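# Breakdown of the fold
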Amino acid sequence: RPPLARAVRFTSPQPTMTSDSTPGRIARLKQWLLDELRHLSTVHPSTRSWQMPLAAALASGLPLLVGAYFGHMDYGLASSLGGMVFLYLPNTPLHHRMVFLMACAFAMTSCYALGLMSHFAPVLLVPVLIFITTLVTMLSRFYGLGAPGSLFFVMAAAIGTYMPIEVPQVPLMVGLIAMGCLLAFMIAFFYSLHAVRVRAPAPVPAKPATDFDFVIFESVVIGVFVGLALGVAQLLQMHKPYWVPVSCLAVIQGSTLRAVWTKQLHRVVGTGGGLVLASGLLMLPLNPWGLACTMMTLSLIIEVLVVRNYAAAVVFITPLTILLAEAAALGHGAVSELIGARFLDTVLGCAVGLLGALCMHRPRFRAVLGAWMRRLIPARLAP
């Protein structure tokens with residue numbers, strides 16, 4: 001056989017599987033699905049003692065028991081929202097814990113009061129929520145608040161904007177949430193006496209290093225997109241769309257796009273499972289005592305799970321938030337409509353949050369908008 005023929009035969013192209021071929025795309029899709037499943041199913045270790053979830057359940061549940069006893073479940077629900085300030089208790093020396101928690105209690109009460117007052121001027125709902133979200137996010141980042149960050153402050157304001165009350169009831173409702181914060185403070189004090197005796201507290205952390213982008217630029221972007229989420233929900237005429245901006249904020253706070261994507265995936269999947277659980281709970285003939293005990297149990301389970309697997313925690317967060325905002329009106333509407341509305345709220349909020357994260361993490365977006373904001377804000381006001 002001639003040498004040329006052997007060379008041609010040796011160098012002739014062989015069929016290969018490229019990354020753009022159908023089998024290659026299927027392999028990449030399978031790998032992506034396996035990665036997402038791994039993120040969903042990962043269980044993280046926890047250093048929390050069992051007393052912490054129990055104390056958190058008491059802080060948010062005892063007001064419900066008091067409301068059930070006096071026949072004013074709506075009052076108990078308002079105070080229960082204030083009891084959630086317990087979740088901001090840091091693992092620091094006792095003197096720092098108490099001062100820190102008092103500041104958070106003031107912020108929680110203030111956000112709820114502003115939300116209530118904006119209820120009477122619907123045109124102000126979106127601007128007020130943008131202002132609250134931006135301000136509390138700035139403060140949370142400036143002082144290194146950490147998880148859950150500004151989430152519960154914004155949730156208190158969002159729930160307050162849709163409270164069916166009259167103007168004379170505003171001082172009463174603000175007083176109720178302040179009493180819930182006071183109860184949480186007392187429980188936190190006695191819990192801390194035990195906690196610092198059993199385990200040495202962490203030292204008071206130094207104020208974190210901050211810059212303009214982290215404290216101001218990102219806070220403004222987060223606030224605008226949270227307000228945009230509420231505005232879209234209003235345009236779609238959703239009923240009590242308080243959960244849309246809350247879901248948006250929970251998703252957009254991720255430090256990276258990977259974290260944002262994982263958070264919204266956990267939230268959507270967890271919400272789907274949580275709505276199934278909520279539909280079962282709403283069909284039970286719960287009296288006020290049963291409702292209070294159910295919400296305390298949900299709070300206990302959430303605090304056990306939230307540091308281990310967020311998606312599993314959201315399964316129980318969803319019915320808790322539904323009961324927290326809708327318990328006073330249970331039995332006056334179809335359960336299926338309520339469940340469907342909450343799922344749409346979550347999906348819409350996660351979508352807006354993901355869009356906001358895509359914008360916030362784009363270098364070109366940060367460069368253009370950041371330069372404009374730097375010219376607008378005086379240098380002496382920037383961190």
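Numbering of residues begins from 1 in every chain and follows the order in which that chain's sequence is written. With pLDDT at 70 or above as the cut-off, local features in this predicted model cover only qualifying residues; side-chain atom pairs require 80 or more to be listed or tallied, and sums for whole chains, interfaces and linings still use all residues. Computation of side-chain values: all heavy atoms of the structure, hydrogens and water removed.

## Here's the deal with helix α7 (residues 151-161)
A 1.4 Å probe rolled over the protein chains alone gives each residue an accessible area, and that area as a share of the maximum for its type sets the label: buried under 20%, exposed over 50%, partly exposed in between. Runs of E in the DSSP output that reach at least two residues are strands. Runs of H or I that reach at least four are helices, and both are numbered from the N terminus. Of all eleven residues in α7, eleven are buried, a share of seventy percent or more. Buried within α7 are the following residues: Leu151, Phe152, Phe153, Val154, Met155, Ala156, Ala157, Ala158, Ile159, Gly160 and Thr161.

## With respect to a nonpolar patch on the surface
Surface patches are drawn from residues lacking salt bridges whose relative accessible area is over 30%; two like charges belong together within 9 Å, two nonpolar side chains (Val, Leu, Ile, Met, Phe, Trp, Tyr) within 5 Å. With residues, only the protein chains shown are counted as cover, and all accessible areas are computed by Shrake-Rupley using a 1.4 Å probe. Counted as salt bridges are all cases of a side-chain nitrogen of Lys or Arg within 4 Å of a carboxyl oxygen of Asp or Glu. Together, Leu114, Met117, Phe131, Leu135, Leu139 and Tyr143 line one region of the surface with nonpolar side chains, adding up to about 600 Å² of accessible area. Sorting the residues of the nonpolar patch by element identifies α5 (94-118) and α6 (125-142) as the ones contributing at least two each. In terms of residue count, the dominant contributor to the nonpolar patch is α6 (three residues). Secondary-structure assignment places Phe131 in helix α6.

## Quick word on the side chain of Ser79
Along the chain, Ser79 turns up in helix α4 (residues 73-83). The exposure class of Ser79 is buried, given its relative accessible area of 9%. Pairs of N or O atoms within 3.5 Å make up the polar contacts considered here, provided that, within protein, one atom can donate a hydrogen while the other can accept it, and that residues adjacent in sequence are counted only when both atoms are side-chain atoms. Separated by 2.8 Å, the side chain of Ser79 and the backbone oxygen of Leu176 make a polar contact. Whether two residues touch is decided by their heavy atoms; if any such pair falls within 4.5 Å, the residues are in contact. Excluding residues that lie within four positions of it along the chain, Ser79 makes contacts with Pro63, Leu176, Ile177 and Gly180.

## Quick notes on the packing of aromatic side chains
Pairing of aromatic rings covers Phe, Tyr and Trp, the last through its six-membered ring, and needs centres within 6.5 Å; plane angles under 30 degrees mean stacked, over 60 mean edge-to-face, and all others mean tilted. Under the definition given, this model contains eight aromatic pairs. Between the aromatic rings of Phe86 and Tyr191, the centroid separation amounts to 5.9 Å while the plane-to-plane angle is 65°, which identifies the pairing as edge-to-face. A residue pair is termed long-range when its members are at least 10 positions apart, and Phe86 in the loop between α4 and α5 and Tyr191 in helix α8 (residues 170-198) qualify at 105 residues. Accessibility assignment for this pair places Phe86 and Tyr191 in one class, buried. Plain terms: the ring middles of Phe142 and Tyr143 are 5.0 Å apart, the flat faces sit at 85° to each other, and that makes the pair edge-to-face. Of the residues examined, Phe142 reaches a relative accessible area of 24% and is grouped as partly exposed. Directly above the aromatic system of Phe214 lies the positively charged group of Arg141, at a separation of 4.5 Å from the ring centroid. Two conditions define a charge sitting above a ring: the NZ of Lys or the CZ of Arg must be within 6 Å of the ring centre, and it must be within 35 degrees of the ring normal.

## A word on the environment of Leu286
With respect to the helices, strands and loops of the structure, Leu286 is situated in the loop between α11 (257-282) and α12 (288-305). Excluding residues within four positions of it along the chain, Leu286 makes contact with Leu281, Leu291 and Thr294.

## Some points on unusual backbone geometry
One non-glycine residue, Gln237, adopts positive backbone phi at about 55°. Along the chain, the position of Gln237 falls in the loop between α9 (212-235) and α10 (243-252). The class of Gln237 is exposed, set by a relative accessible area of 72%.

## Some thoughts on the pattern of salt bridges
The final tally for this structure, using the stated rule, is three salt bridges. In this structure, the salt-bridge partner of Glu218 is Arg141, at a minimum N-O distance of 2.5 Å. Taken as a pair, Glu218 in helix α9 and Arg141 in helix α6 lie far apart in primary sequence, 77 residues in all. Overall, the relative accessible area of 11% leaves Glu218 in the buried class. Measuring nitrogen to oxygen at the nearest pair gives 3.6 Å for the salt bridge that ties Asp213 to Arg374. Of this pair, Asp213 sits in helix α9 while Arg374 is found in helix α15 (residues 363-376), placing the two residues 161 residues apart along the sequence.

## Looking at the confidence of the model for the protein
Confidence of the predictor at the level of single residues is given by pLDDT, which spans 0 to 100. On average, residues of the protein carry a pLDDT of 81, and 86% of them reach 70 or more. Within the protein, the element-level pLDDT minimum falls on helix α1 (residues 3-11), averaging 42, and the maximum on α5, averaging 92. Ignoring residues within four places in sequence, the model shows residues 1-19, a span with pLDDT below 50, making eight contacts including any to other chains.

## A short note on α9
An expected span of 1.5 Å times one less than the residue number is assigned to each helix. An ideal rise of 1.5 Å per residue puts 34 Å on 24 residues; α9 measures up with 33 Å between its terminal C-alpha atoms. Helix geometry: α9 is bent most strongly at Glu218, by close to 30°. The positive-phi residue at the C-terminal boundary of α9 is Gln237, with phi of around 55°. Think of it this way: the bend at a residue is just the angle between two axes, each fitted to seven residues, one set ending at that residue and the other starting at it.

## Observations concerning the packing of α5 against α8
When two helices pack together, their arrangement is captured by the angle between the axes and the distance separating the axes. For the pair α5 and α8, the least separation of the axes is 10 Å and the interaxial angle reads 160°. Taken together, α5 and α8 sit at an angle that is classed as roughly antiparallel. Seen from above, α5 lies across α8 with right-handed handedness. Its residues assigned to classes, the contact of α5 with α8 shows 24 nonpolar, two polar and one charged. Geometry is summarised by axes, namely lines fitted to C-alpha atoms with helices restricted to the contacting stretch, and by angles between N-to-C directions that run from 0 to 180 degrees. What sets the label is the angle itself: under 35 degrees gives roughly parallel, over 145 gives roughly antiparallel, 65 to 115 gives roughly perpendicular, and the rest give oblique. By the definition used in this description, the sense in which the near helix is turned from the far one sets the handedness, with an anticlockwise turn below a right angle giving left-handed and a clockwise turn giving right-handed. In this classification, the charged set is Asp, Glu, Lys and Arg, the nonpolar set is Ala, Val, Leu, Ile, Met, Phe, Trp, Tyr, Cys and Pro, and all remaining amino acids, among them Gly, are polar.

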